[in-house]
Amino acid sequence: LNNHMFCYDELSLSIFSSLHLHLFSTSAPVLLYYSHLTAIIVSLSLSFFILLNTKALPARILAIMSLIFSALAVLDILLWTQIDSRIIMFLWSFWPFLFITIYVLSLYFLHAFISKKDAGFGWKLGAFVLLLAVLALSASPYIFEGFDLYNCNAVESFWAWQSFYGTSFIIFLTAVVYGVISIARLKEKVQRRQALLATIGIACFLFFFSAAAYVATIANLLGSEPDIFRLEQYGYFGMAIFIAFLTYTIVEYKAFNVKLIAAQALVAALVILIG
């Protein structure tokens with residue numbers, strides 16, 4: 001093996017040596033799989049259950065958002081289990097684009113869910129330009145300053161990654177402000193409660209997801225040990241929180257016009273958590 005391409009720290013070699021199907025390793029942190037796989041299962045299960053019952057715009061947005069979130073979660077597992085710096089750098093470069101896309105889709109979903117209508121052309125054009133800019137920056141050599149083989153992680157460019165997190169924070173604030181304003185304007189009690197639950201769910205998801213990743217990135221920029229990236233795993237539980245709020249909205253207020261009784265939701269939740 002070329003020592004200039006492969007990680008050689010004890011943790012990375014231990015994970016890679018016990019790797020199965022390029023994803024599963026007995027040496028990897030258990031929370032890595034518990035947080036990521038739980039989030040993938042609950043998001044895909046509910047979103048496609050809704051999509052099978054209704055083809056409304058919020059249902060389609062939620063399905064796309066769940067797919068991209070799942071892709072990001074799988075990518076994150078691969079970043080933990082690979083030791084080839086070329087593969088890690090390649091995969092890592094997709095992370096910012098998928099990350100910001102999830103934020104844009106979350107805001108789009110919240111708007112479609114509350115207003116019951118599609119976003120305007122200007123909003124879609126702005127979102128497209130933003131994602132195109134993020135994709136261009138992600139593919140550029142400016143987001144990384146190198147690769148640390150000893151700690152097995154890419155050395156991220158401070159200003160590039162601050163711009164990504166700054167963008168995500170602006171979208172987060174926009175979603176919260178939009179939700180609060182919409183709740184104040186709605187007159188029907190049921191609609192207001194649906195909007196409140198959706199806003200809280202989206203806000204919790206985006207906050208936990210971003211905060212955990214931001215802490216890990218800052219620690220990386222400060223040269224901390226790779227164990228700090230274990231903190232990032234907790235951010236994926238934000239999706240489970242969002243799904244919990246959304247499920248309650250469906251059960252209690254028949255959101256999406258989908259009939260889901262509490263017993264069904266409870267059984268599904270128990271099966272997923274026990275699994």
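Residues numbered from 1 in each chain as written. Predicted model: local features only at pLDDT ≥ 70, side-chain atom pairs only at ≥ 80, totals over all residues. Heavy atoms only, no water.

Student: Hey, could you run me through the overall build of the chain in this one?
Tutor: Along the backbone of the chain there are 11 helices and four strands. Excluding contacts between residues fewer than 6 apart, the proportion of contacts in the chain whose partners are at least 24 apart in sequence is 72%. (Helix = DSSP H or I, 4+ residues; strand = E, 2+ residues; numbered from the N terminus. Contact = heavy atoms within 4.5 Å.)

Student: Please explain the packing of aromatic side chains as it appears in this structure.
Tutor: Geometrically, a pair of aromatic rings is defined through the distance of the ring centres and the angle of the planes. Under the defined criterion, the tally for this structure stands at 20 aromatic pairs. Look at Phe99 and Tyr165: their rings are 5.6 Å apart centre to centre, the planes differ by 70 degrees, and that puts the pair in the edge-to-face class. Here Phe99 is found in helix H5 (residues 95-115), whereas its partner Tyr165 is found in helix H7 (residues 158-185), with 66 residues between them in sequence. Since its relative accessible area comes to 6%, Tyr165 is described here as buried. Their ring planes at 85 degrees and their centres at 5.8 Å tell us that Phe109 and Phe242 sit as a pair that is edge-to-face. Within this pair, whereas Phe109 is found in helix H5, its partner Phe242 is found in helix H10 (residues 237-253), the two being separated by 133 residues in sequence. The aromatic ring of Phe113 is capped on one face by Lys116, whose charged end is 4.8 Å from the ring centroid. (Phe/Tyr/Trp six-rings, centres within 6.5 Å; stacked < 30°, edge-to-face > 60°. Buried < 20%, exposed > 50% of the residue type's maximum accessible area, 1.4 Å probe, protein only. Lys NZ or Arg CZ within 6 Å of the ring centre and 35° of its normal.)

Student: How should I be thinking about the nonpolar core in this particular structure?
Tutor: Generally speaking, nonpolar side chains in soluble globular proteins are found buried as a group. Within the largest apolar cluster, 73 residues are counted, with the highest numbers of intra-cluster contacts made by Trp95, Phe109, Trp161, Phe209, Phe242 and Phe256. Looking at this core, the elements that each hand over two or more residues are helix H2 (30-53), helix H3 (57-81), helix H4 (85-92), H5, helix H6 (121-138), H7, helix H8 (189-221) and H10. With 15 residues, H5 is the single largest residue contributor to this core. Those residues within four positions of Phe242 in sequence are excluded, and the remaining contacts are Leu62, Met65, Phe109, Gly201, Ile202 and Phe205. Grouped together as the second largest cluster of nonpolar side chains are six residues, Leu32, Tyr33, Ile77 and Trp80 included. (Core = buried A, V, L, I, M, F, W, Y, C linked by side-chain atoms within 4.5 Å.)

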